Amino acid sequence: MAQLTPQEQQEVVRFLEAGKPLPDKYRFLLFDDKRQVELVWNGKSNEVTNAVLPFQTIEQVDEPRSEKDASLQFNLFDVDDRGRQLKGWTNKLIWGDNKLILSSLKNGPLREEIEASGGLKLIYIDPPFDVGADFSMNVEIGEEKFVKKANILEEIAYRDTWGKGQDSFNSMIYERLILMRDLLAEDGSIYVHCDYRVTSSIKMILDEILDSKNFRNEIIWSYGAGGNPKEFFPRKHDTIWFYSKGTPSFYTDSEVMRVPYDKSTLDTHYKNIDENGRRYRIQKVNGREYLTYADEGKLVTDVWTDVGAQNATSPISKESTGYPTQKPEKLLERIIKASTKEGDLVADFFGGSGTTAAVAEKLGRRWITSDLGKFSIHTTRKRMITVQRELKANGQDYRAFEILNLGKYDRQHYIGTNLDLRQQDQVAQQSAREDEFTALILEAYKAEKAEGFKTFQGKKAGRLVSVGPVNVPVSRLFVEEVILECREKKITRVDILGFEFEMGLFPNVLEDARSKGIDISPKHIPREVFDKRAIEKNQVIFHNVAAIEVKAILKGKSVAIELSDFSVFYSQDSVSEAESTLKDKASKIVVEKGQIVKVSKDKSGIVTREQLTKKWTDWIDYWAVDFNFESKREIVRVKNIDTEEWEEIWTGDYIFENEWQTFRTKKERGLELKSVAIECTAGPRKIAVKVVDIFGNDTMTIVEIQVGGKK
Ligand SMILES: C[S@@+](CC[C@H](N)C(=O)[O-])C[C@H]1O[C@@H](n2cnc3c(N)ncnc32)[C@H](O)[C@@H]1O
């Protein structure tokens, strides 16, 4: 550290005693790690989370689907003459905040698996750099489009990213990029996709985290689509920063790395034509002659003009999933082929519609992808199953993938926490806010306050009420704590209120409670709890989680499943509110108690209501069957605090093995309501059926049957 003069030392003391911030010059005098060029913003911190949360496998997709009625045992695990399922590594689709995912991958037991299979060779990310973009999404219902608003958890992530504008975006990406660097293989590469809004700050952050000597390219992806402004040139490109950790592998031998010569080069240099009609050129270098053909093209530069955005965004394009920020597959194909070889591991922690995973799978790479939104996870699930089906049908190999979430969460983020506060103040503010929220939610639920419980805060109509965490989904651990207190205090009837419930949480945990004589009713807290007017007008509806009804069709030892009913109870806005606020000649789509209704006003103010969801099947986007639910236990790996060893623990639940599935696609809007029939071994078994609704939320039910005999 530079020696401070006695005057400077006194000055520092004076500032500290007066409680004033030190002048900027001391940054370079006091700190060891002083960078000459560095991006500084309010809230910048070198603190990086090292939390390790266990990954829970909630679903596994081994095989695209059993196409026809078959013996499951034979069809699933034996090789056929089409594409084969590759063994070993299982690809990973992870639901959750990527900060916790990254730190759990970096510091947890999965790291070993990643290293053992050669390390993470490529990370591509496309973070939400569009200030103001939120998590709302368009959902199609027949001919109409409905805008589903972001749920509370998504809104918190949005606030974390943009709450304080560019400063909070920088903090968000800074910590995650440090974690990504640490996870990357020594010869790995990272590509960060951004546009004019954040490109300059991301470049400086990357220079700092990965070192400017590891800068490789500033790729300009010029995509052409979009409007034509009057005041400036049309903005038609994104920037992709390409950095490496050390000396990266780089491959130039694939076709996608080549582009056609421009006309002037062809006219000047490729004048010769051989007997096959191919244009060629002979170049003399150091006395040797080199022959090149025009149709072989040249190595693509760092300006990419040959990848149209329309491939991903046009509704008529084959690869479009309808996800608003989807990127074209060709873009990812070039990146993946340039920086990996077959079998390498590729990751995308802001996965969106799953473009990176889809291209990686098609190119025989292994992959990890994550996203915070359930709709993204569901879009990726359907996309990956489609890719598996295509690969299998074309005789190409494919891999199984699993859907995971993080089993337990810390409570660091908090809705509305002032990001300017120091750590200890944040904790104090956090617990005060938590109490306020609980009070608010209880008021909206019309419950009275209850004291003296660990997990209950209220009571209503003879039931105790537990308010789930405000910032993360209600997890199995949370419900287990509720059950524990019920058993200790002989409580039998409870409501659990949650903004979001962990995927795959139901029905097993509720069955478990029922077997102990406890009736748990989980209910969704609607967004409207934060709207005072809605509370006053009684427009806040805490709705039940969805319910599925199925029938098992048994013929001898063959079993098929038929879906017979599906009910959802969502609400978003209300019909009466729309009727009173709509202008003439306008319309609005609302969801009320599980019905999607279009409310319209004509030019003379006459209101009409049209119900858009006419049948219960309209709510379903996807459903799948696991014909032997209890065949695969859900195991998590957690660290034993005494021995510091990783231990495998059975969570008490099972992994949903996605053995047969049907879903709507952009082209195929129909849905089968009966599964194939599967030949099963005689005896009792539990069959699980999972339904994903058009908003991307999943629900599961379990049927118990007796195959080949009486129950
Ligand atoms: C621009 S989109 C990615 C689109 C993607 N490249 C594709 O081709 O579909 C950014 C994604 O990041 C996700 N996201 C935002 N913040 C996140 C976070 N903290 N953790 C995980 N995912 C996040 C959003 O849900 C969104 O799907």
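Now for a quick tour of the structure.

Scoring rules and cut-offs
Residues numbered from 1 in each chain as written. Predicted model: local features only at pLDDT ≥ 70, side-chain atom pairs only at ≥ 80, totals over all residues. Heavy atoms only, no water. Helix = DSSP H or I, 4+ residues; strand = E, 2+ residues; numbered from the N terminus. Rg over C-alpha atoms; globule rule 2.2 N^0.38 Å. Buried < 20%, exposed > 50% of the residue type's maximum accessible area, 1.4 Å probe, protein only. Contact = heavy atoms within 4.5 Å. Areas by Shrake-Rupley, 256 points an atom, 1.4 Å probe, with all protein chains shown as cover. Lys, Arg positive; Asp, Glu negative; His and termini not counted. Charge placed at Lys NZ, Arg CZ, Asp CG, Glu CD. Salt bridge = Lys/Arg side-chain N within 4 Å of Asp/Glu carboxyl O. Polar contact = N/O pair within 3.5 Å; in protein donor to acceptor, adjacent residues only side chain to side chain. Pairing = 2+ DSSP bridges. Axes fitted to C-alpha atoms, helices over the stretch in contact; angles between N-to-C directions. Core = buried A, V, L, I, M, F, W, Y, C linked by side-chain atoms within 4.5 Å. Patch = residues over 30% accessible without salt bridge, like charges linked within 9 Å, V, L, I, M, F, W, Y side chains within 5 Å. Near = heavy atom within 4 Å. Nonpolar A, V, L, I, M, F, W, Y, C, P; charged D, E, K, R; others polar.

Details of the overall build of the protein chain
Check the secondary structure of the protein chain and you find 18 helices and 37 strands. Its C-alpha radius of gyration of 28 Å places the protein chain within 12% of the 27 Å reference for a compact globule of 711 residues. Across the 711 residues of the protein chain, 52% fall into the buried class. Relative to all contacts within the protein chain whose residues are 6 or more apart in sequence, the contacts with residues 24 or more apart total 68%. Accessible area for the protein chain stands at about 34400 Å²; split by element, carbon and sulfur atoms hold 49% of it. Separation of charge centres in the protein chain, based on 106 positive and 114 negative side chains, amounts to 3 Å.

Description of the side chain of Asp238
As for its position among the elements, Asp238 is in strand E9 (residues 237-244). Lys327 is the oppositely charged side chain nearest to the buried, salt-bridge-free Asp238, at an N-O distance of 5.3 Å. A polar atom in the side chain of Asp238 sits 2.8 Å from the side chain of His193. With near-sequence residues (within four places) excluded, Asp238 lies in contact with Phe129, His193, Cys194, Asp195, Ile219, Ile220, Trp221, Tyr223 and Lys327.

Some words on the sheet that holds strand E27 (residues 586-592)
Taken in spatial order, the three strands line up as E27-E28-E29 in an open sheet, and their pairing is antiparallel. Bordering the open sheet on either side are E27 and strand E29 (607-611), each of which pairs with just one other strand. This sheet shows a mean twist of 25° between the axes of neighbouring strands, independent of strand direction. In terms of strand pairing, E27 meets strand E28 (residues 595-601) through seven bridges, oriented antiparallel. Bridge assignment links Ser587 to a residue of E28, and that residue is Ser600.

Examining the nonpolar core
Soluble globular proteins tend to bury their nonpolar side chains together. Tyr191, Trp221, Leu331, Ile336 and Phe401 are the most contacted members of the largest nonpolar core, which totals 48 residues. Apart from residues lying up to four places away in sequence, Leu331 is in contact with Tyr124, His193, Trp221, Ile240, Trp304 and Val307. Formed by 46 residues, the second largest nonpolar core is a distinct cluster that contains Ile94, Leu100, Leu110 and Ala347.

Focus on a positive patch on the surface
On the surface, Lys145, Lys318, Lys666 and Lys667 cluster together into a patch of positive charge. Inspection of the secondary structure assignment puts Lys667 in the loop between strand E34 (660-663) and strand E35 (678-679).

Description of helix H4 (residues 98-107)
In terms of burial, H4 is largely enclosed, as eight of its 10 residues are buried. In this structure, the buried residues of H4 make contact with strand E1 (55-61), strand E3 (85-95), helix H5 (110-116), helix H7 (166-183), strand E17 (366-371) and strand E18 (398-406). Between the side-chain oxygen of the N-cap and the backbone nitrogen of Lys99 there are 3.0 Å, and the N-cap of H4 in question is Asp97.

Points about helix H11 (residues 329-339)
Since one α-helical turn is 3.6 residues long, residues separated by three or four positions face the same way. In terms of burial, H11 is largely enclosed, as eight of its 11 residues are buried. Within H11 the residues assigned to the buried category are Glu329, Leu331, Leu332, Arg334, Ile335, Ile336, Ala338 and Ser339.

Comments concerning the site of the ligand
For the ligand, the set of nearby residues contains 19 residues, the closest of which are Asp126, Tyr323, Ser353, Thr355 and Asp371. Tyr323 has a polar side-chain atom sitting 2.6 Å from an oxygen atom of the ligand. A distance of 2.6 Å is found between an oxygen atom of the ligand and a side-chain nitrogen or oxygen belonging to Ser353. In the complex, 95% of the free accessible area of the ligand, which totals 610 Å², lies under the protein chains. Its residues placed into classes, the shell around the ligand shows six nonpolar, eight polar and five charged.

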